[in-house]
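# Inside the fold
In case you want the letters, here they are:
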Amino acid sequence: NLKKATATQTQETKKVMSVFLTNLAQYNNGNLVGMWISLPTTTTTIKSALKKIGCGNNGDVSFYINDEYFITDVDMDLNLEIPEFVNIFSLNRVAEKIADLNIDPDILNAFLENGYTVQEAIEKAENGEYRYYYGCDDMEDVAEVIAEESGIFDGVPEMFRMYFDFKSYARDLEIE
């Protein structure tokens with residue numbers, strides 16, 4: 001039982017997103033036929049899910065990449081735009097890369113919010129091209145942490161520290 005629990009726990013921690021796969025033909029006929037699937041997963045699991053919702057019954061791989069299914073809902077901590085008609089196998093590969101990074105979703109979200117594509121964000125995260133400041137709500141908080149870490153206030157009485165312009169310093173950091 002311990003092995004089974006450990007395997008399940010490992011699989012759960014690697015989950016990047018859940019998507020609701022929907023049968024397009026059934027949807028167009030007024031029926032919502034679909035199911036939730038967690039990504040990343042195996043190709044076999046995806047094919048099995050597609051068959052369960054009535055897609056891919058002929059086993060032809062090309063059938064899986066046409067518009068016979070679409071994604072009607074997504075549950076994840078990332079700020080990714082997932083198109084309805086994305087190829088589920090491609091999306092799964094992206095989820096695998098994100099899971100392999102094993103980093104806080106806020107780090108990827110920071111890249112995504114600053115105009116990076118998901119591929120660029122993954123690459124920067126893989127290369128460690130970031131510094132994450134926990135507990136900071138804005139750039140002014142980051143400026144304060146950086147100033148403290150730099151030692152600029154070492155030996156400076158607290159009463160003089162309050163005259164430092166963290167707002168301007170934060171603006172300069174954002175420009176850089």
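Provided above is the structure to which this section pertains.
Summary of the structure given here. (Residues numbered from 1 in each chain as written. Predicted model: local features only at pLDDT ≥ 70, side-chain atom pairs only at ≥ 80, totals over all residues. Heavy atoms only, no water.)

## What about the layout of surface pockets?
For clarity, the threshold we go by: We place a 1 Å grid over just the protein atoms. Points where a 1.4 Å probe fits but has no way out form a cavity, open points with protein on both sides within 12 Å along at least 5 of 7 lines form a pocket, and any residue with an atom within 4 Å of a point lines it. Grid points are joined across faces, edges and corners, and a volume is the space filled by probe spheres set on the points. Labels follow the DSSP assignment, with helices taken as runs of H or I lasting at least four residues and strands as runs of E lasting at least two, numbered in each case from the N terminus.
In this structure, the largest pocket spans a volume of roughly 710 Å³. What lines the largest pocket is a set of 22 residues, among which Ala110, Asn114, Arg131, Tyr132 and Met139 lie closest to the centre. The leading source of residues in the lining of the largest pocket is helix H6 (residues 105-113), at 6 residues.

## Examining the packing of H6 against helix H7 (residues 118-126)
Where we set the bar: Only the contacting stretch of a helix is used when fitting its axis, a line to C-alpha atoms as for every element, and angles between N-to-C directions run 0 to 180 degrees. Under this scheme an angle from 65 to 115 degrees is roughly perpendicular, one under 35 degrees roughly parallel, and one over 145 degrees roughly antiparallel; angles in between are oblique. Note: crossing handedness is left-handed where the near helix turns anticlockwise from the far helix by less than a right angle, and right-handed where it turns clockwise. In what follows, residue pairs with any heavy atoms lying within 4.5 Å of each other are defined as contacts.
At a closest axis distance of 9 Å, the pairing of H6 and H7 adopts a crossing angle of 130 degrees. On the basis of the axis angle, H6 is oblique to H7. Crossing handedness for the pair H6 and H7: right-handed. Facing Leu108, Phe111 and Leu112 of H6, the residues of H7 in contact are Val118, Ala121, Ile122, Lys124 and Ala125.

## Remarks on the nonpolar core
Within soluble globular proteins, side chains that are nonpolar generally end up buried alongside one another. Definition in use: To define a nonpolar core, start from buried Ala, Val, Leu, Ile, Met, Phe, Trp, Tyr and Cys residues and group those joined through side-chain atoms within 4.5 Å. Partly exposed describes any residue whose relative accessible area lies between the buried limit of under 20% and the exposed limit of over 50%, with all areas from a 1.4 Å probe on protein chains only and scaled to the type maximum.
Among the nonpolar cores identified, the biggest contains 33 residues, and Met17, Leu21, Leu50, Ile88 and Leu91 are the most heavily contacted of them. Contributing elements (two or more residues each) for this core: strand S1 (17-23), strand S2 (34-39), helix H3 (43-52), strand S3 (69-76), helix H5 (88-101), H6 and H7. Top contributing element to this core by residue count: H5, with 8 residues. Discounting residues that sit within four places of it in the chain, Leu91 has contacts with Met17, Val19, Leu39, Ile71, Ile82 and Val86.

## Here we look at unusual backbone geometry
In this structure, the amide linkage connecting Leu39 to the following residue, Pro40, adopts the cis form with an omega of 5 degrees. Located in the positive-phi region is Asn102, a residue other than glycine, with phi close to 50 degrees. As for its position among the elements, Asn102 is in the loop between H5 and H6.

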